[in-house]
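# Coordinate analysis (summary)
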Amino acid sequence: MGIQFKQVFAGYGSPRNQKQTDVLKNLTFGIQEGHTVCILGENGSGKSTLLRVLAGTLHYRGSIRLEDTELAQMNRRTLSSQIAFMTQFSNVYFSYSVWETVMLGRYLKLNRFLGRPTETDRKRVAECLEMTGLSGLKESTLGELSGGQLQRVFLARTFAQDTPYILLDEPTNHLDLKYQSQLAQYLKDWTGRERQYPDGTFHRNTLIGVFHDINLALQIADELIVMKDGEILACGNKSQILQADILQQAYGMDVSAYMRKQLEIWNG
């Protein structure tokens, strides 16, 4: 089980009667359930577009199957029960408190429209706040927070949605080293766990993330997807991809040499 792409094309809207320009071009690959998959590539290579397609916010041509169901045939509620998506620019928000914002991740779990949170909902929100180091700020409004604190709020809201698949687009933006390290460890612990969901099915947690920090991606990834110009250069085991110098093709530079140089500087 997992996600299967077959000959997928996608792009962004253009004026009426003009052909859409494809950003993603003929993507065919698979993502195995229970893995951490990190997407790497230069700016403009199609990484964020790939996540938007998976999140159901961008039309595609071809086939994407989540488990055994075509993604385009899933309604919004069903898709949101399977996939949670934290975008790169989560900067539109109301003056809710931190607690209220994270509770929004539980919206689909409520028994009825505008239903009251259950003890399970409150416990899960508290766990997500604790994990992101926000327990002491739960009564603060979003307008009072720094950029790094806001990023952690949106991460907590994503985790609170409690889906078997999580999409993260640059989740470490604005995070200092302490919280980057804590986030990496939490993601490693979260991925691969098997859980029973409300519909009675069992799934192993799967993470798909876009990272500019190659070191962090290598630290947490089981597999890499390397993109360039909207196409897949390589998809698979990170050791095999590193040995094949795929990253040099993707970034137009010797990434390994650059990383060794940074290590030398760090070690003095």
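Attention here is on the structure that accompanies the text. These numbers come from a predicted model, not from an experiment. (Residues numbered from 1 in each chain as written. Predicted model: local features only at pLDDT ≥ 70, side-chain atom pairs only at ≥ 80, totals over all residues. Heavy atoms only, no water.)

## Concerning the sheet that holds strand β4 (residues 60-66)
If you walk across this open sheet you meet the four strands as β2-β1-β4-β5, and the pairing is antiparallel. In this open sheet, the two edge strands, each paired with only one partner strand, are β2 (21-32) and β5 (69-70). Sheet topology note: the β4/β5 ladder contains two bridges and is antiparallel. What sits directly across from Arg65, in β5, is Glu70. (Pairing = 2+ DSSP bridges. Helix = DSSP H or I, 4+ residues; strand = E, 2+ residues; numbered from the N terminus.)

## What to know about the pattern of salt bridges
Where side chains of opposite charge bring their charged atoms close, a pairing between them can arise. On inspection of all chains with the given rule, the structure shows eight salt bridges. In this structure, Asp22 engages Arg61 in a salt bridge whose closest nitrogen and oxygen atoms are separated by 3.1 Å. Taken together, the positions of Asp22 in strand β2 and Arg61 in strand β4 put the pair 39 residues apart, joining distant regions of the chain. Arg61 gets classed as partly exposed once you look at its relative accessible area, which sits at 38%. The closest approach of N and O atoms between Glu119 and Arg122, which form a salt bridge, is 3.4 Å. In this pair, Glu119 and Arg122 are both assigned in helix α4 (residues 119-131), three residues apart and thus about one turn of the helix distant. Each of Arg106, Asp121, Arg124, Glu127 and Asp162 takes part in one network of salt bridges that share partners. (Salt bridge = Lys/Arg side-chain N within 4 Å of Asp/Glu carboxyl O. Buried < 20%, exposed > 50% of the residue type's maximum accessible area, 1.4 Å probe, protein only.)

## Focus on the pairing of β4
The sheet contact formed by strand β1 (residues 2-12) and β4 spans six bridges and is antiparallel. Along β4, the bridge assignment pairs Ala10 with Tyr60. Between the antiparallel neighbours β4 and β5 lie two residues, among them Glu67 with a positive phi of about 60°.

## A word on the environment of Ala72
With respect to the element layout, Ala72 can be found in the loop between β5 and α2 (76-82). Ala72 sits 19 residues away from Val53 along the chain, and the two C-alpha atoms are 9.6 Å apart.

## Section: the packing of α4 against helix α5 (residues 147-160)
The interhelical angle for the contact between α4 and α5, taken along N-to-C directions, is 140°, at an axis separation of 9 Å. Comparing the axis directions of α4 and α5 gives the class oblique. Of the two elements, α4 crosses α5, and the hand of that crossing is right-handed. Here α4 contributes Arg124, Cys128 and Met131 to the contact with α5, which in turn contributes Ala156, Phe159 and Ala160. Per-class residue counts for the contact of α4 with α5 are five nonpolar, no polar and one charged. (Axes fitted to C-alpha atoms, helices over the stretch in contact; angles between N-to-C directions. Parallel < 35°, antiparallel > 145°, perpendicular 65-115°, else oblique. Left-handed = near helix turned anticlockwise from the far one by under 90°. Contact = heavy atoms within 4.5 Å. Nonpolar A, V, L, I, M, F, W, Y, C, P; charged D, E, K, R; others polar.)

## Structural notes on the nonpolar core
Counting residues in each nonpolar core, the largest one holds 47 residues, and the members touching the most others are Val98, Val102, Phe159 and Leu224. Looking at this core, the element that brings in the most residues is α5, giving seven residues. In contact with Leu224, not counting residues within four places along its chain, are Cys38, Leu40, Leu218, Ala234, Cys235, Gly236, Lys238 and Ile241. Ranked by size, the runner-up nonpolar core spans 29 residues in total, among them Ala10, Ile39, Ala55 and Tyr60. (Core = buried A, V, L, I, M, F, W, Y, C linked by side-chain atoms within 4.5 Å.)

## Observations regarding the layout of surface pockets
As a volume, the largest pocket reaches approximately 480 Å³. Lining the largest pocket are 20 residues, with Phe85, Leu104, Gly105, Arg157 and Gln161 sitting closest to its centre. Of all the elements in the fold, those that place two or more residues in the lining of the largest pocket are α2, β6 (83-86) and α5. In terms of residue count, β6 provides more of the lining of the largest pocket than any other element does, four residues in total. Across the lining of the largest pocket, the residue classes break down as eleven nonpolar, seven polar and two charged. (1 Å grid on protein atoms, 1.4 Å probe; cavity = no way out; pocket = protein on both sides within 12 Å on 5 of 7 lines; lining within 4 Å. Points joined across faces, edges and corners; volume = space filled by probe spheres on them.)

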